[in-house]
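Coordinate analysis (summary)
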Amino acid sequence: MLTAADELDSGAVGLRRWRRADADDLYRAVSESLEHLAPWMAWAARGYSTADAVAYLARTEELWGTDYDYGIVAPGPALVGSCSMMSRIGAGGFEIGYWVHPAHIRRGYATAAAAALVAEAFRVGADRVEIVHDLANIASGAIPRRLGFREVDRRTPQEERSAGEVGVDVVWRLGATDAAMV
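Each value, and the rule that gives it
Throughout, a residue's number is its position along its own chain's written sequence, starting from 1. Since the coordinates come from a predicted model, pLDDT governs what is reported: local features require at least 70, and pairs of side-chain atoms require 80 or more to be given and counted, while whole-chain, interface and lining totals use all residues. Remark: hydrogens and water are excluded; side-chain values derive from all non-hydrogen atoms of the structure. Whether two strands pair comes down to DSSP finding at least two bridges between them. Only DSSP runs of H or I reaching four residues or more are called helices, and only runs of E reaching two or more are called strands; each is numbered from the N terminus. Interaxial angles span 0 to 180 degrees and are taken between N-to-C directions of axes, which are lines fitted to C-alpha atoms, for helices over the stretch in contact. Whether two residues are in contact is decided by their heavy atoms: any pair within 4.5 Å suffices. Any residue under 20% of the maximum accessible area for its type is buried, any over 50% is exposed, and the rest in between are partly exposed; the area is computed with a 1.4 Å probe on protein chains only. What makes a salt bridge here is a side-chain nitrogen of Lys or Arg within 4 Å of a carboxyl oxygen of Asp or Glu, nothing more. The pairing test for Phe, Tyr and Trp rings, Trp by its six-membered ring, is centres within 6.5 Å, and the orientation test on the planes gives stacked under 30 degrees, edge-to-face over 60, and tilted for anything in between.

**Some thoughts on the sheet that holds strand 4 (residues 78-86)**
Across the sheet, eight strands lie side by side as 1-2-3-4-5-6-8-7; this open sheet has mixed pairing. The open sheet has two edge strands, strand 1 (7-9) and strand 7 (150-155), and neither has a second partner. Across this sheet, the average inter-strand angle for adjacent strands is 25°, counted without regard to direction. Bridge analysis of strand 2 (residues 14-17) against strand 3 (residues 68-74) gives four bridges, and the strand direction is antiparallel. By the bridge assignment for strand 3, Arg16 is matched with Gly71. Helix 1 (residues 23-37) contacts strand 4 and strand 5 (93-100) of the sheet and is inclined by roughly 85° relative to strand 5.

Rendered as structure tokens:
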């Protein structure tokens, strides 16, 4: 597989590889988003510190080449969220995830970021991309629908459950051949 690009442009937003120098911006964006994220992401329910941002950025740097983490940048330029392509679904595939600062939701930024990640995943040689969300997270589930994914499974969560979740993970998949038809 090829290595993902450091920067991606979806038109609506740009994606930029996280750098260690982004710690303050990341900390601010996450801190301002904790109430919005905590129902869906267990790590957000525990709070977030500058040290957490520094550790996350160090980890993203170490994993670059197998996992790819980006800041979502909207026109302005403003950091509006984060998204990732994670190799945790096995050889040939990526799971993608995303979150957007609550001041920037409902503008299509998460969908644009996810679409850019899907295109990049297939460009680097993936044969499939998955999006996983809790059944109760309707906003997150709308994104794979918009992008032409199909629901392939409902299962017990593989990660720690959060307060807003009902404990049913919905798995969506888009194959490289499916994406070519979209």
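**Focus on the environment of Ala51**
Checked against the element boundaries, Ala51 lands in helix 3 (residues 50-63). Of the residues examined, Ala51 reaches a relative accessible area of 55% and is grouped as exposed. A sequence separation of 24 residues divides Ala51 from Tyr27, and the C-alpha atoms of the two residues are 8.8 Å apart.

**So, the pattern of salt bridges**
Taken as a whole and judged by the stated rule, the model has 12 salt bridges. The salt bridge partner of Asp25 is Arg28, with a shortest N-O separation of 2.4 Å. Pair noted here: Asp25 and Arg28 are both in helix 1, with a separation of three residues, about one helical turn. Taking the shortest distance from any N to any O, the salt bridge between Arg46 and Glu160 comes out at 3.0 Å. You can see Arg46 sitting in the loop between helix 2 (42-45) and helix 3 and its partner Glu160 sitting in the loop between strand 7 and strand 8 (169-175), a full 114 residues away along the chain. Exposure remark for Glu160: the relative accessible area of 53% places this residue in the exposed category.

**Focus on the packing of aromatic side chains**
Counting across every chain of the model gives four aromatic pairs. Geometrically, the ring pair formed by Trp64 and Tyr68 is edge-to-face, given 4.7 Å between the ring centres and 85° between the ring planes. Residue Trp64 is classed as buried on the basis of its relative accessible area of 14%. Within the aromatic cluster, the residues linked to one another by ring pairs are Trp64, Tyr68, Tyr70 and Phe94.

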